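The lines below spell out each chain.
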Amino acid sequence: MRNIRFENVGFQYSNEFTALSNISLNIQNGEVLGIMGRNGAGKSTLIQMMNGLLKPTEGNVFFDGITTNDYDASKLVQKIGIVFQNPEHQLFSSTVEEELNFSLKNLQISKDLKAQYKDEIIKELNLQSLLHKSPWNCSGGERKKVSLACILCRKPEVLVFDEPTLGQDKSGYKILDNIIHKAKERKQTIIVVTHNTEFAYHYLDRLVVLDNGRILADGPTGEILTNSTIHENSSLIEPQFFKFKKKMIENNLPDNEVFKLIVQAKSFNEVEKIIQNSMGEISQ
Amino acid sequence: MSMELLSAFDFIDRDDFVHRLDPRTKLFLVIVYLTLLIMFRQYIVHLILLGNLIIWILLARMVKRVIKSIRGMAFIIFFIIFFNTLFSPSKGLNLGIQMTLRLVNIIMAFSIFFQTTHPDDLTQAIAKMGVSYPIAFSFSLAFRFIPTLANEVETITKAQKSRGLVLQKGGLFQQIRSLFPLLIPLITNSIKRAFYVAESLEARSFGIQKTRTQLHPVRLRFADWAIFVFLLVLLAAGIVAKIYQPQLEVFAIFTFEIPL
């Protein structure tokens, strides 16, 4: 039972800005959840409350049934790993290897296990060539990869990503894709803060949309992303695939089987297959 | 040192009596209070100035934030009192308390200035005092980044805590060492930001025109002049007290110290 529960949670910063109010949310073990919303909606505040970095000023946040206030902070960060948006806020060592060592240093496990964790993450993220390089001499994508490795090597039970797709090229996406797939296989809880609706559509099962510190919508990704009222109220960009389907319907395309299948498809890959099949049928 | 101390320098946008004052008035206020704090080390003077500053803080409605920033100084205060008492058992405690009071007063005076003065107004005020605009701008820009730095310290702290960094644990050496993961990204990012800001200013032709006009010019009002007069009287009284202090019996209270 690795669930995270928010009970009527509110949070006010020291400058009296209310970031969250009356948040009630239940995240079950193994869920792949996205948190979306316009800038300043309270997304980052919400995730920082999960591992006790911020304590609620109202209500309670529970992990495994225990409030984050009662949890030993160092143990909670071990269980819930947050990968921050900007890798430059994390990196300080002279080499990438030292960065990994620092992340593993505070884990309460044996030396051998630490060495094993390090080797595993080096292989998983293909960090061999970067190990002796200064993080400051790495490219933006490489730095993001290093900051990702610094959290993943600690093997947290819950993985939280803050804007993981920001500034990522194709290879960065591939790494992220790999991490999420493996985590899904392990039935690990994944929480992603993102503005990227394309990413959300492909990877996330459930979306929570925040607006002005309150929950505007909570439901399956497909339902949330096709709801135009939510789009307007939360500045979300509609995924290309939905735009494409909408245009198809609006343009009153001929009433034939292929177009019916296309409208019912769930991704561009499916559309591609439908077209390929129909082309095959035509050529036959 | 807790980073809460930095909140003392964070501008808060409000409309009240202290916020509306000209930045030059508030700067003069800081200078007068600093001068008096340096001139005297006696409790009574520091307590009078503390009372004065509390009135300003109440007028500016910034009690909570000042308490927070003073709380952030707890570590420094402990060290001042501890080391003074340790190295000078006869006078150390008094000296430690006096130094603490001085420090608290200084932080409070600067808090009033920075929390109630908009950086743009500060630039204008400095420029009106005869300083060239680029220098005045650089000066206020440096202060404008204090809240940004404070935010960055908070974010870096959270990011490093997520990696298992434990602050304020272990001995003194351990605690100092645990600050490295915070200070290195902070300094590196600050240097980078300085370059970006310089490039951004150049990209927008900063400094191409020698004379500038202001959309909202700052000016001295009646309240500013009245406060100037009050501060001058306070400063004069301080100077008189300092000069005649040894000769006048009425100033005996100045030499009061905690009996040990």
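Computed from a prediction, not measured in an experiment: that's the story for all the values here.

Here we look at the overall build of chain B
Now for step 1: The helix and strand inventory of chain B stands at eleven helices and zero strands.
Now for step 2: Beginning at the N terminus, the succession of helices and strands in chain B can be written as α-α-α-α-α-α-α-α-α-α-α.
Now for step 3: With respect to the three principal axes, the spread of C-alpha positions in chain B is 65 × 55 × 30 Å.
Now for step 4: Looking at chain B residue by residue over its 260 residues, the buried ones come to 27%.
Now for step 5: By sequence separation, contacts in chain B at least 24 residues apart represent 78% of the contacts at least 6 residues apart.

A word on the overall build of chain A
Now for step 1: Helix and strand counts for chain A come out as twelve helices and ten strands.
Now for step 2: Its C-alpha atoms give chain A principal-axis dimensions of about 65 × 45 × 35 Å.
Now for step 3: Going through the 284 residues of chain A one by one, you find that 38% of them count as buried.
Now for step 4: Within chain A, counting contacts between residues at least 6 apart in sequence, those at least 24 apart form 65% of the total.

Quick look at the packing of helix H5 (residues 140-152) of chain A against helix H6 (residues 170-185) of chain A
Residues and elements named next belong to chain A.
Now for step 1: Between H5 and H6, the least distance of the axes is 10 Å, while the angle of their chain directions is 15°. Between H5 and H6, the crossing angle belongs to the class labelled roughly parallel. Taken as a pair, H5 and H6 cross one another with a handedness that is left-handed. Judged by residue contacts, Gly141, Lys144, Lys145 and Leu152 of H5 engage Ser171, Gly172, Ile175 and Ile179 from H6.

Here we look at the nonpolar core
Now for step 1: The biggest cluster of nonpolar side chains holds 71 residues, and the ones touching the most others in it are Ile35, Ile47, Ile80, Ala149, Val160, Ile191 and Ala200 of chain A.
Now for step 2: The biggest single contributor to this core is H5 of chain A, with six residues.
Now for step 3: In this structure, Val45, Leu53, Trp56 and Val66 of chain B belong to the second largest nonpolar core, which totals 23 residues.

Thoughts on the sheet that holds strand E5 (residues 66-67) of chain A
Residue and element names in this part refer to chain A.
Now for step 1: Reading across from one edge, E2-E1-E4-E5 is the order of the four strands in this open sheet, with antiparallel pairing throughout. The outermost strands of the open sheet, each flanked by one partner alone, are strand E2 (18-27) and E5.
Now for step 2: Both strand E1 (residues 4-12) and strand E4 (residues 58-63) contribute to a ladder of five bridges, which runs antiparallel. When the bridges of E4 are listed, Glu7 appears paired with Asn60.

Here's the deal with the domain arrangement of chain B
Residues and elements named next belong to chain B.
Now for step 1: Domain annotation of chain B identifies domain 1 (1-117 + 221-260) and domain 2 (132-213).
Now for step 2: The C-alpha centroid of domain 2 is placed 27 Å from the C-alpha centroid of domain 1.
Now for step 3: Taken together, the seven residues of domain 1 in the interface contact eight residues of domain 2.

Re the domain arrangement of chain A
Residue and element names in this part refer to chain A.
Now for step 1: On domain assignment, one finds that chain A holds domain 1 (4-238) and domain 2 (239-284).
Now for step 2: One C-alpha centre belongs to domain 1, the other to domain 2, and the line joining them spans 35 Å.
Now for step 3: Contacts between the two partners involve six residues from domain 1, matched on the other side by five residues from domain 2.
Now for step 4: In terms of residue count, the dominant contributor to the side of domain 1 that touches domain 2 is helix H7 (residues 197-203) (three residues).
Now for step 5: Broken down by class, the residue content of the side of domain 1 that touches domain 2 amounts to two nonpolar, two polar and two charged.

Looking at the interface of chain B and chain A
When the parts of a complex come together, some accessible area is lost, and that lost area is often taken as the interface size.
Now for step 1: Residue-level contacts link 20 residues of chain B with 24 residues of chain A.
Now for step 2: Put simply, the parts of the chain that give the side of chain B that touches chain A at least two residues each are helix H8 (133-162) and helix H10 (180-203) of chain B.
Now for step 3: In terms of residue count, H8 of chain B provides more of the side of chain B that touches chain A than any other element does, seven residues in total.
Now for step 4: Class assignment of the residues belonging to the side of chain B that touches chain A gives a composition of nine nonpolar, seven polar and four charged.

Considerations on the pairing of strand E10 (residues 214-220) of chain A
Regular strands have side chains that alternate between both faces of the sheet.
Now for step 1: With six bridges connecting them, strand E9 (residues 206-211) of chain A and E10 of chain A associate as antiparallel partners. Residue Val209 of chain A lies in a different strand from E10 of chain A, and its bridge partner there is Ala217 of chain A.

Looking at helix H3 (residues 43-59) of chain B
In an α-helix, one turn spans 3.6 residues, which is why side chains three or four residues apart end up on the same side.
Residues and elements named next belong to chain B.
Now for step 1: Taking 1.5 Å per residue as the helical rise, H3 with its 17 residues ought to reach 24 Å, and the 24 Å between its terminal C-alpha atoms agrees with that figure.
Now for step 2: Of the surrounding secondary structure, the elements contacted by the buried residues of H3 are helix H1 (17-20), helix H2 (23-39) and helix H6 (92-116).
Now for step 3: Looking one or two places after H3, you find Arg61, whose phi comes out positive at around 50°.

Quick word on the packing of helix H4 (residues 63-71) of chain B against H6 of chain B
Residues and elements named next belong to chain B.
Now for step 1: The interhelical angle for the contact between H4 and H6, taken along N-to-C directions, is 135°, at an axis separation of 11 Å. Comparing their axes, H6 and H4 come out oblique. You can see that H4 and H6 cross each other, and the crossing is right-handed. Note on element contacts: H6 touches H4 through Val104, Ile107, Met108, Ser111 and Gln115, opposite Arg65, Val66, Ser69 and Ile70.
Now for step 2: Residues of the contact of H4 with H6, tallied by class, amount to five nonpolar, three polar and one charged.

Observations concerning the sheet that holds E10 of chain A
All names here are of chain A.
Now for step 1: The mixed open sheet is built from six strands, whose spatial order is E6-E7-E8-E3-E9-E10. Lying at the two open borders of the sheet, with one neighbouring strand each, are strand E6 (80-83) and E10. Strand-to-strand, the axes of this sheet are offset by a mean angle of 15°, without reference to chain direction.
Now for step 2: The sheet contact formed by strand E3 (residues 32-37) and E9 spans five bridges and is parallel. Bridging from a neighbouring strand, Met36 pairs with Val209 of E9.

Thoughts on unusual backbone geometry
Residues and elements named next belong to chain A.
Now for step 1: Within the chain, Asn8 stands out as a residue other than glycine whose phi angle is a positive 45°.
Now for step 2: A tally of 12 C-beta atoms within 10 Å means that Asn8 is categorised as exposed.
Now for step 3: For Asn126, which is not glycine, the phi torsion reads 55° and is therefore positive.
Now for step 4: For Asn126, the position within the fold is in the loop between helix H4 (111-124) and H5.

What to know about the pairing of E2 of chain A
Residues and elements named next belong to chain A.
Now for step 1: When E1 meets E2, the two strands line up antiparallel, connected through six bridges. What sits directly across from Phe11, in E2, is Leu20.
Now for step 2: In sequence, E1 turns back onto E2 through a hairpin of five residues, with Glu16 there showing a positive phi of about 70°.

Re the confidence of the model for chain B
All names here are of chain B.
Now for step 1: Confidence in the prediction for chain B averages 83 pLDDT; 91% of positions are at 70 or higher.
Now for step 2: Mean pLDDT across the elements of chain B bottoms out in helix H9 (residues 172-177) (78) and peaks in H2 (92).
Now for step 3: Listed scores for the predicted complex are pTM 0.73 and ipTM 0.75.

Definitions and cut-offs
Residues numbered from 1 in each chain as written. Chains lettered and ligands numbered in written order. Predicted model: local features only at pLDDT ≥ 70, side-chain atom pairs only at ≥ 80, totals over all residues. Helix = DSSP H or I, 4+ residues; strand = E, 2+ residues; numbered from the N terminus. Buried ≥ 20, exposed ≤ 12 C-beta atoms within 10 Å, placed from the backbone. Contact = placed C-beta atoms within 7 Å. Axes fitted to C-alpha atoms, helices over the stretch in contact; angles between N-to-C directions. Parallel < 35°, antiparallel > 145°, perpendicular 65-115°, else oblique. Left-handed = near helix turned anticlockwise from the far one by under 90°. Core = buried A, V, L, I, M, F, W, Y, C linked by C-beta atoms within 7 Å. Pairing = 2+ DSSP bridges. Domains from an automatic or database assignment. Nonpolar A, V, L, I, M, F, W, Y, C, P; charged D, E, K, R; others polar. Expected span 1.5 Å × (residues − 1). pLDDT = per-residue confidence, 0-100.

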